[in-house]
Amino acid sequence: MREGYRNELKAIKAEVVDIGRLVIEMTRDATVSLVEGDVDLAERVIAADDQVDVRVLALEERTLETIATQFPVARDLRLLYSLAHVNIHMERMADLAVNISKATRRTAERTGPRTMYDLIRAQGNLVHRVLEAMLEAFETNDLELAYKLKEMDEPIDHLFKQFFRELSRLQEEDEIEWASSMVLASRYLERIADHAVDIGERLVYMVTGEFEAFDESVTDEGEPPAT
Amino acid sequence: MTPLSGAARPEALEGAAKFTVRDLDFYYGDFHALTGMNIDVRENSVTAFIGPSGCGKSTFLRCLNRMNDLIPGTRIDGTITLDGEDIYGPGVDPVDLRRRVGMIFQQPNPFPMSIYDNVAFGPRLHGIKKKEELDQIVEQALMRANLWKEVKDIMERGGLTLSGGQQQRLCIARVLAVQPDVLLMDEPCSAIDPTSVQKVEDLMAELKSSVTIIIVTHNMQQAARVSDETAFFLQERQGEPAELIEFGRTAEIFTSPHDRRTEDYITGRFG
């Protein structure tokens, strides 16, 4: 019954997942570009963001049209409502990957302490794990995995704090300028993971109909967002 | 495509026009009922006509298969072409036109005869006599109307013994049996139960790959659900002719209509 409508719901979700894959790729490439000083790769991430913006906008329109013409209720309504939110999170995550790539532009010509590269690399790996888990949970409606996201996010926050300690050890002024860009990049990575945790919360609502905050997240940090 | 002057036209869907209506005015005797109608009905799509009661949507629908010819004193100005041919032109047989452009009404109206004979009625009228051939046509039409499974073992029962929703699908099968190009549906779901409404709506989605469908409906949600394009009709003042206010992609009409009057109507501010 209402086959066209059912197919459209599936197609909208599939498109969000597809955008999610692109965002994961962008985040990974942005991090690699930063630690390897690969400006070309950073430029490719920045260019990919245009594609994300176009797709996010098209999806928003499609979601709105489905709501306006098909009058979804119950789990269909929760699905479309949640997808609209997830869509916005994806767009923000892509923007943050762009910010990291811009940090590559500023830092590529110089080098800094090895510990900072190691921290970014470690943080990038952890963020990648969170994003993969988020997308898998989202694609398969896996609530158990969604609930793990917050736990997976914690070491990322700790690494970010460690960055500040490293920063305080620096002496040279130009080194501090370089390191500030790295700290910002670390902050962007940390926020990308926060968005992934928020998507996990949306997933719980989508599946159960219950609003549930996984402790602190992007929306309740008490400080202005980075984007 | 010729620019449309009679209605604001948001982004249109691609596809060949089945019906092309240009500068159509319609009169019941001295009464000027419709004015300045311009519309392209796309082939293999569902087009919905919406608007308050008395806004001329059914009158316009009946112009498309010359049903209004049956009312004395009616006349039209302007042109309506079907596949490029003027349907009011000399040499057009209105009976043949009505075979190509079938109609479904609000009240299911099976003939007082068996289910089989209802569906075989049209083909027989067109000279098909062989039982085998008729059997095949009847089965195919009932299958297309999603009624076959429910009636295949009771074909000799009277059509009027079926439920309202089944009767409506029987009427659809009866029309499909003569292989129409277009199906005009005038409030086809107003007199049937919600489950049957769902079946008729599903049926429209299935049929549009082979038939062009135009539906008049008072139910805006139904127009939104089933149609690809929507036309909004309005008679602004009593005694004045009704106009086509806006015509465009249904998704666009229901998210961001161009005309304030369309928006006021679909958001329930009048009508």
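Above: the structure in question.
These lines cover the structure that appears in this document, whether it is placed above or below. Because the structure is predicted, anything quoted here is derived from the model rather than measured. (Residues numbered from 1 in each chain as written. Chains lettered and ligands numbered in written order. Predicted model: local features only at pLDDT ≥ 70, side-chain atom pairs only at ≥ 80, totals over all residues. Heavy atoms only, no water.)

## Quick word on the nonpolar core
Residue and element names in this part refer to chain A.
Part 1 of the argument: Ranked by size, the top nonpolar core spans 70 residues in total, and within it M26, M90, M93, M134 and F138 carry the most contacts.
Part 2 of the argument: At the level of elements, α1 (3–36), α2 (39–70), α3 (74–107), α4 (114–140), α5 (143–169) and α6 (173–208) are the ones that each hand at least two residues to this core.
Part 3 of the argument: Of the residues forming this core, the biggest block, 15 residues, is contributed by α6. (Core = buried A, V, L, I, M, F, W, Y, C linked by side-chain atoms within 4.5 Å. Buried < 20%, exposed > 50% of the residue type's maximum accessible area, 1.4 Å probe, protein only. Helix = DSSP H or I, 4+ residues; strand = E, 2+ residues; numbered from the N terminus.)

## Let's talk about the pairing of strand β7 (residues 182–186) of chain B
All names here are of chain B.
Part 1 of the argument: Most of β7 is tucked away: five of the five residues are buried.
Part 2 of the argument: Side chains V182, L184 and D186 of β7 all project onto a buried face; the interleaved residues L183 and M185 project onto the opposite face, where all are buried too.
Part 3 of the argument: As defined by bridge partners, strand β6 (residues 101–104) adjoins β7 across four bridges and the pair is classed as parallel. Paired with M103 across the two strands is L184, which belongs to β7. (Pairing = 2+ DSSP bridges.)

## Quick notes on the pattern of salt bridges
Residues and elements named next belong to chain B.
Part 1 of the argument: Scanning the model with the defined rule gives 35 salt bridges over all chains in all.
Part 2 of the argument: The closest approach of N and O atoms between R66 and D69, which form a salt bridge, is 2.7 Å.
Part 3 of the argument: For the salt bridge of E240 with R237, the shortest nitrogen-to-oxygen distance reads 3.4 Å.
Part 4 of the argument: Assessed through its relative accessible area of 34%, E240 is described here as partly exposed.
Part 5 of the argument: Several salt bridges converge on common partners, so that one network encompasses K18, E43, D83, E85, R100 and D181. (Salt bridge = Lys/Arg side-chain N within 4 Å of Asp/Glu carboxyl O.)

## With respect to the layout of surface pockets
Part 1 of the argument: For the largest pocket, the calculated volume is near 830 Å³.
Part 2 of the argument: Residue lining of the largest pocket: 30 residues in total, with G4, Y5 and Q70 of chain A together with R225 and V226 of chain B positioned closest to the centre.
Part 3 of the argument: Elements that contribute at least two residues to the lining of the largest pocket include exactly α1 and α2 of chain A together with α7 (194–207), α8 (220–226) and α9 (250–253) of chain B.
Part 4 of the argument: The element best represented in the lining of the largest pocket is α7 of chain B, accounting for seven residues.
Part 5 of the argument: Taken together, the residues that form the lining of the largest pocket break down as eight nonpolar, eight polar and 14 charged.
Part 6 of the argument: One number sums up the size of the second largest pocket: a volume of about 520 Å³.
Part 7 of the argument: Along the wall of the second largest pocket there are 18 residues; nearest its centre are R98, R99, M103, V175 and V178 of chain B.
Part 8 of the argument: Where the lining of the second largest pocket is concerned, the elements lending two or more residues are α2 (94–100), β6, α3 (115–125) and α6 (164–176) of chain B. (1 Å grid on protein atoms, 1.4 Å probe; cavity = no way out; pocket = protein on both sides within 12 Å on 5 of 7 lines; lining within 4 Å. Points joined across faces, edges and corners; volume = space filled by probe spheres on them. Nonpolar A, V, L, I, M, F, W, Y, C, P; charged D, E, K, R; others polar.)

## A look at the sheet that holds strand β1 (residues 17–28) of chain B
Residues and elements named next belong to chain B.
Part 1 of the argument: Ordered by their spatial adjacency, four strands build an open sheet running β2-β1-β4-β5, and the pairing between neighbours is antiparallel. In the strand order of this sheet, the two ends are held by β2 (31–42) and β5 (85–86), each with one partner.
Part 2 of the argument: For strand β4 (residues 74–82) and β5, the ladder comprises two bridges, and the chain directions are antiparallel. By the bridge assignment, L82 is partnered in β5 with E85.

## Focus: the environment of N125 of chain A
Part 1 of the argument: Positionally, N125 of chain A belongs in helix α4.
Part 2 of the argument: Along the sequence, N125 of chain A and R28 of chain A sit 97 residues apart, while their C-alpha atoms lie 8.2 Å from each other.

## What about the interface of chain A and chain B?
Part 1 of the argument: Tallying the contact residues gives eight residues for chain A and ten residues for chain B.
Part 2 of the argument: Across the interface of chain A and chain B, roughly 860 Å² is buried in total on both sides, 64% from carbon and sulfur atoms.
Part 3 of the argument: Summed over the three residues of chain A that lose the most area to chain B, namely E65, T69 and F71 of chain A, the buried surface amounts to 51% of that side.
Part 4 of the argument: In this structure, R249 of chain B and E65 of chain A form a salt bridge, with 2.9 Å as the shortest nitrogen-oxygen distance.
Part 5 of the argument: At the junction of chain A and chain B, the tally comes to four residue pairs in polar contact (both at pLDDT 80 or more).
Part 6 of the argument: The residue makeup of the side of chain A that touches chain B, split by class, is four nonpolar, two polar and two charged. (Contact = heavy atoms within 4.5 Å. Buried area = accessible area lost by both parts, 1.4 Å probe. Polar contact = N/O pair within 3.5 Å; in protein donor to acceptor, adjacent residues only side chain to side chain.)

## Section: the packing of aromatic side chains
Part 1 of the argument: Applying the stated rule across the entire model yields twelve aromatic pairs over all chains.
Part 2 of the argument: Between the aromatic rings of F60 of chain B and F233 of chain B, the centroid separation amounts to 5.6 Å while the plane-to-plane angle is 45°, which identifies the pairing as tilted. Of this pair, F60 of chain B sits in helix α1 (residues 57–63) while F233 of chain B is found in strand β9 (residues 229–234), placing the two residues 173 residues apart along the sequence.
Part 3 of the argument: By relative accessible area, which is 1% here, F60 of chain B ends up buried.
Part 4 of the argument: What links up through ring pairs into an aromatic cluster is the set Y81, Y205 and F211 of chain A.
Part 5 of the argument: The lysine or arginine in question, R2 of chain A, covers the ring of Y5 of chain A, its NZ or CZ lying 4.1 Å from the ring centre.
Part 6 of the argument: One cation-aromatic arrangement involves R174 of chain B over F111 of chain B; the distance from NZ or CZ to the ring centre is 4.0 Å. (Phe/Tyr/Trp six-rings, centres within 6.5 Å; stacked < 30°, edge-to-face > 60°. Lys NZ or Arg CZ within 6 Å of the ring centre and 35° of its normal.)

Bear in mind that shape data such as this cannot, by itself, settle questions of function.
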